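Single-letter residue listing:
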Amino acid sequence: MSLPEPTSSSAALVTGASAGIGAEICRELARRGHNLVLVARRKDRLDELGSELAAEYGIRAESIGADLGKAASRQRLPGRVQSLASTLRSW
């Protein structure tokens, strides 16, 4: 799949990242050098996957626990991602 080149000041946001296809997409993006923002309900699994990928591929991974099946969680997500944007610039 064609993707932009990874940069130190950007990250790919992956929803459903705690298991299955979402986790595999995270692994592939990390293998290609992309920093990640992982989103799913199970923050403990996100943290574990993020640590694994950071150690294996030297990328940075941030986790956001959110149940995107709930409207309130969907509404909060952009603000939570925006708050990470300032840290992305220092990656």
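The structure contained in this document is the topic of the report that follows. (Residues numbered from 1 in each chain as written. Predicted model: local features only at pLDDT ≥ 70, side-chain atom pairs only at ≥ 80, totals over all residues. Heavy atoms only, no water.)

**Here's the deal with the sheet that holds strand β1 (residues 11–15)**
Piece 1. Strand order in the open sheet made by the three strands is β1-β2-β3, with parallel pairing throughout. Two strands close off the open sheet at either side, each with one partner strand: β1 and β3 (61–65). On average, each strand axis in the sheet is tilted by 15° relative to the strand beside it, whichever way the strands run.
Piece 2. Both strand β2 (residues 35–40) and β3 contribute to a ladder of five bridges, which runs parallel. Looking at β3, one finds that A40 is bridged to G65.
Piece 3. The sheet contacts of helix α1 (residues 20–31) involve β1 and β2, and relative to β1 the element is tilted by about 170°.
Piece 4. Relative to the sheet, helix α2 (residues 43–57) contacts β2 and β3, its axis offset from that of β3 by approximately 175°. (Pairing = 2+ DSSP bridges. Helix = DSSP H or I, 4+ residues; strand = E, 2+ residues; numbered from the N terminus. Axes fitted to C-alpha atoms, helices over the stretch in contact; angles between N-to-C directions. Contact = heavy atoms within 4.5 Å.)

Purely geometric stuff here, so don't read any function into it on its own.
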